[in-house]
Amino acid sequence: MRIIKTKAQWVMSILSLVLLFAIPQIPSLNNPYFLRLLIGVGIAVTICLGLNILTGYCGQLNIGQSAFVMVGAFTSALLNYRLGWSFWVCVIPAGLASALVGAIFGIPSVRLRGLYLTLTTLGAQIILTWIALFYIPLTTAGFSVEPVRVGGIVFNTPHKFYYIAMLFTVVMTLFAKNMMRGGVGRAFVAIRDNEKAAEAMGIDIFRYKLLAFVICTFYAGVAGSLLVHYMMWAHLESFTIQDSIWYVVMIIVGGLGSIEGTIFGVLFITALKELIFVVGPIVEGKLVFLPMGAGSGLLLVIIGGVAITFLMFEPRGLAHRWTLFKAYYRLWPFGY
Amino acid sequence: MEFFGKIVISGLVNGAIYGLVAIGFVLIYKASSVLNFSQGYMLLLGAYIFWVFKASLKLDLLFSLLITIPLGFLMGILIERLTLRPLIGQPLVSIITVTIFLSLVIEGLVSIIWGTYPLQQMSPFFRGSLRVGKINLTSGTLFAFGLALGAMFALIFLFRYTRLGLAMRGVAEGHQIMQSMGISVKRILTICWGIAGVAATLGGILLGSTLGFQLGLSYIGLLAIPAAFIGGLDSPEGAIVGGLLIGLIESIASGYFGKASGVPTSYVILIVVMLFRPYGLFGLRGIERI
Amino acid sequence: MLKVNNVEVKYAGVILILRGVSFEVPDGSIIALLGSNGAGKTTTLKAISGLLRTELGEVTAGTIEYDERRIDQQDSEEVAKRGIIQVMEGRKVLGHLTVEENLILGGYILKKTNVKKDLDMVYDYFPKLKTLRNATSGYLSGGEQQMLVMGRAMMAHPKIMLLDEPSLGLAPLLVDEIYEIVARLNAEEKTSVIVVEQNARAALAISEYSYVMENGRVVLDGPSSKLANNEDIKEFYLGLSKLGEKRSYREVKHYKRRKRWL
């Protein structure tokens, strides 16, 4: 099953890629705020791609993803800070370090099923954060990291880093899509849908689950490396359990088991969060009679309410809606 | 020695509370396979409601309890009706996500009504204390422990020895099977959520009285979870043991390794236990017949 | 009397399963619904008992009436309260509960506080269950589980029992035993029974009247003894054509014998 099947799809893909990389050139979109947002989206997409592979395709819920991002981030940061390695040299080791840790936390999958395995990921989040807190003396205050360089160009502004972020995002997305349409992806889906049947068909469950963990955390590690070299600063507060949960929410809203869904979900949730961030203080200012913090509280209620209602109408996520839309379009003007 | 004693006591008391919250968690999971991520926030809401009656309106303890507990039941039922009922039959992940969003909504609600700063300190429930050897047990501590333990045993009794409890265990086995016997699964689920609401509220009240009434109370959810898992997600009795165990572990770890190590150590122990007992200490093994 | 009138059932609004099924169940009788896989027999039972709703199914046309009152739009709880209990196929016991707990839940809707008499009645029908009363039901053998689910239905003192494929996966001797008990139940408690079966021989033996379903329609009906001698039934459901001869699969030609009801 090829990724791009028709000429029309080729055209659309190339156009959208061109558009993507051309955004910083468009005057109205060329402001730091918007670009920063998009960079965040790109990094989140990378993280969520890995997560969707483990949770959406392979069916193992992982609520500790941001801890694995942290492992990659600190590995990359430390390699840069202590050994002076540049970003390009740090990226792969960062990913591998995350993958190694991910493999360790994937080992319990030999005995644990379903929600019990999820618990180990929660444990990963908590334990890894704790280890970082105590055993990497620099992490509480944070320490500085060099920006990305290529030749003479230093990518230290949103305007410039945008290209790096998008480059990685596109490459990682293509990797993911390609991986999932092959035997590995099918094995994952088999494990998700009926583990016993998969085993009976000769799929080595443990090996593939471990592989899923490794891929997921590798993506997290690469994203972490990107993150620290973008922020040029590494500290613990960027990697909390709330973030882990947001990532899961992103792929659920976007659609489990779907690469496009990951992108949709990240975009949707990012937009939602920006709404809280921007509108919150305004609301709080207007409604002075409510106690402190009420504004953000109100927004939380609304966002949560919107999200719950959304899930009520489309529990399979945005990707499903998109599939239905495509089917409708294909059949139009016939109904079925 | 005295230090150790203090640690054990505080561990057990906290553990009893974790166990109580964990039972609510287990109840919902057992009946509907849903991991209720908002359990900690239900605890928060219940605690704040109690605070309104006791500290703000200055009603006495018994009265406040008698009002708040039914309200906790109502809270559980409302949550089930409004958010979970429409999602019956939908993929499990979506339902679990809804509980996550629910946490946001409840946190927001609490912030709107009471703000984000900790609430005014409540005066202790009782005065006086008991001396056991060299250790001083305040009446408040004893009360919390006793109430939590009592509530847990009441719930276990309900589950094991009453008709309603049997129906709840039946629902845990299969919704369609119960429907075919004419039993209203919806009603049973609603009751389960109501009970979970009561457990959370009670836990919140007790915890709030020791830790203070602030937004951080919801993080107890993070500790009740390993308690429920260690005991076994299908086992309310296990939740008691799990809760006490986690309470002890957390207390010992924070006492000897520093405050922040309590939670992580619990999780390490949790993972170790699970490697040997994949279904928790008392969890029911899946009956697999091929 | 249970009357099913021209019932049409759809799943998820788009999958048409039953295309106008009609039959009657007089009080105290045993009726058999025969047909091969996918004919719509289980769906018919679920339409009667109200379990369709749990699976995104609904009765979109026609009516089902019991004692002159419509039941096709009611929830399974209400239908069960009126005395119609379905024993689902697949021996669905409440796995982690004991045999006795399963039985007690069977009688839950009667809201009795003392179920001992009912339990004794069931144990009288199924002595095997009595010895197993505290066993975990998930670990019982197939036959024991089938007895359990039937006993569980009996606890509710049903007026009509809907039995879905009771003989599925059971040893032949056990099948006979189960059907003896069904006959006894019908004779002593006057419970009407609708038996859905692929095992045509057993179903025809026990029932008074039978209906044959195919593709969501009733294609043949009649007194069971007459149907058992019907040539079409004998060939397609009882495998009794060319008795005594060796059947060569090279000679299986469907068109050689057309079903008379098409």
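All chains use their own residue numbering, which begins from 1 and follows the written sequence. A letter from A marks each chain and a number from 1 marks each ligand, given out in the order of writing. Thresholds applied to this predicted model are a pLDDT of at least 70 for local features of residues and 80 or more for the giving and counting of side-chain atom pairs; totals over whole chains, interfaces and linings are not thresholded and use all residues.

(A) Seen up close, the sheet that holds strand E5 (residues 69–70) of chain C. All names here are of chain C. A pair of strands counts as paired when DSSP detects no fewer than two bridges linking them. Runs of H or I in DSSP of at least four residues are treated as helices and runs of E of at least two as strands, each being numbered from the N terminus. An order of E2-E1-E4-E5 is seen for the four strands of this open sheet, with the pairing classed as antiparallel. Each of the sheet's edge strands pairs with one partner strand only, and the pair in question is strand E2 (15–25) and E5. Here strand E1 (residues 2–11) runs beside strand E4 (residues 57–66); their pairing, made up of eight bridges, is antiparallel. Bridge pairing links Val-4 to Ile-64 in E4.

(B) Focus on the arrangement of the chains. Among the two pairs of chains that make contact, the interface with the largest number of contacts is formed by chains A and B. Between chain A and chain C there is no contact; the minimum C-alpha to C-alpha separation amounts to 11 Å. Contact criterion: two residues are in contact if their C-beta atoms, reconstructed from the backbone, are within 7 Å.

(C) The interface of chain C and chain B, seen in detail. Tallying the contact residues gives 25 residues for chain C and 16 residues for chain B. Of all the elements in the fold, those that place two or more residues in the side of chain C that touches chain B are helix H2 (76–81), strand E6 (84–87) and helix H3 (99–106) of chain C. Classifying every residue of the side of chain C that touches chain B gives 12 nonpolar, eight polar and five charged. Any residue outside Ala, Val, Leu, Ile, Met, Phe, Trp, Tyr, Cys, Pro, Asp, Glu, Lys and Arg is labelled polar, Gly included; the first ten of those are nonpolar and the last four are charged.

(D) Here's a closer look at the nonpolar core. Under the definition applied here, buried Ala, Val, Leu, Ile, Met, Phe, Trp, Tyr and Cys residues are grouped into a nonpolar core through C-beta atoms within 7 Å. Using C-beta atoms placed from the backbone, we call a residue buried if 20 or more other C-beta atoms fall within 10 Å of its own, exposed if 12 or fewer do, and partly exposed for counts in between. Grouped together as the largest cluster of nonpolar side chains are 269 residues, with contacts concentrated most on B:Val21, B:Cys192, B:Ala199 and C:Ile194. When residues of this core are assigned to their parent elements, the largest contribution, 15 residues, is made by helix H8 (residues 185–211) of chain B. Other than its neighbours up to four places away in sequence, B:Cys192 contacts B:Leu27, B:Ile28, B:Ala31 and B:Met168.

(E) Local environment of the packing of H3(C) against helix H6 (residues 142–154) of chain C. All names here are of chain C. Note on geometry: axes are lines fitted to C-alpha atoms, helical ones only across the stretch in contact, with angles between N-to-C directions running from 0 to 180 degrees. Orientation of H3 relative to H6, taken along the N-to-C sense of each, is 35 degrees, at an axis distance of 7 Å. Crossing angle aside, the handedness with which H3 passes H6 is right-handed. On H6, the residues that touch Val-99, Asn-102, Leu-103 and Gly-106 of H3 are Leu-148, Gly-151, Arg-152 and Ala-153. Residue classes in the contact of H3 with H6 are distributed as four nonpolar, three polar and one charged. Crossing handedness: left-handed means the near helix sits turned counterclockwise from the far one by under a right angle, and right-handed means the same turn made clockwise.

(F) The sheet that holds E6(C), seen in detail. Residue and element names in this part refer to chain C. If you walk across this open sheet you meet the six strands as E6-E7-E8-E3-E9-E10, and the pairing is mixed. Pairing within the sheet leaves two strands with one partner each, and these edge strands are E6 and strand E10 (217–223). Adjacent strand axes in the sheet meet at a mean angle of 15 degrees, parallel and antiparallel pairs treated alike. Summarising the sheet, strand E3 (residues 30–34) and strand E8 (residues 192–197) pair through five bridges and their orientation is parallel. When the sheet's bridge partners are listed, Leu-33 is paired in E8 with Val-196.

(G) Here's a closer look at helix H7 (residues 172–189) of chain C. Residue and element names in this part refer to chain C. If you check H7, its first and last C-alpha atoms are 25 Å apart, about what 18 residues at 1.5 Å a residue would give, namely 26 Å. Taken together, the buried positions of H7 are Val-175, Ile-178, Tyr-179, Val-182 and Leu-185. Down the axis of H7, the sector holding all buried residues measures 110 degrees, keeping them to one side. Turned more than 90 degrees from where H7 packs its buried face, Leu-173, Glu-180, Arg-184, Ala-187 and Glu-188 sit exposed. Buried residues in H7 make contact with H6, strand E7 (160–164), E8 and helix H8 (200–206). Downstream of H7 by a residue or two, Lys-190 has a phi angle that is positive, lying close to 60 degrees. One less than the number of residues in a helix, times 1.5 Å, gives the span that helix is expected to have. Of all possible arcs, the one meant is that of the directions from the helix axis to the C-beta atoms.

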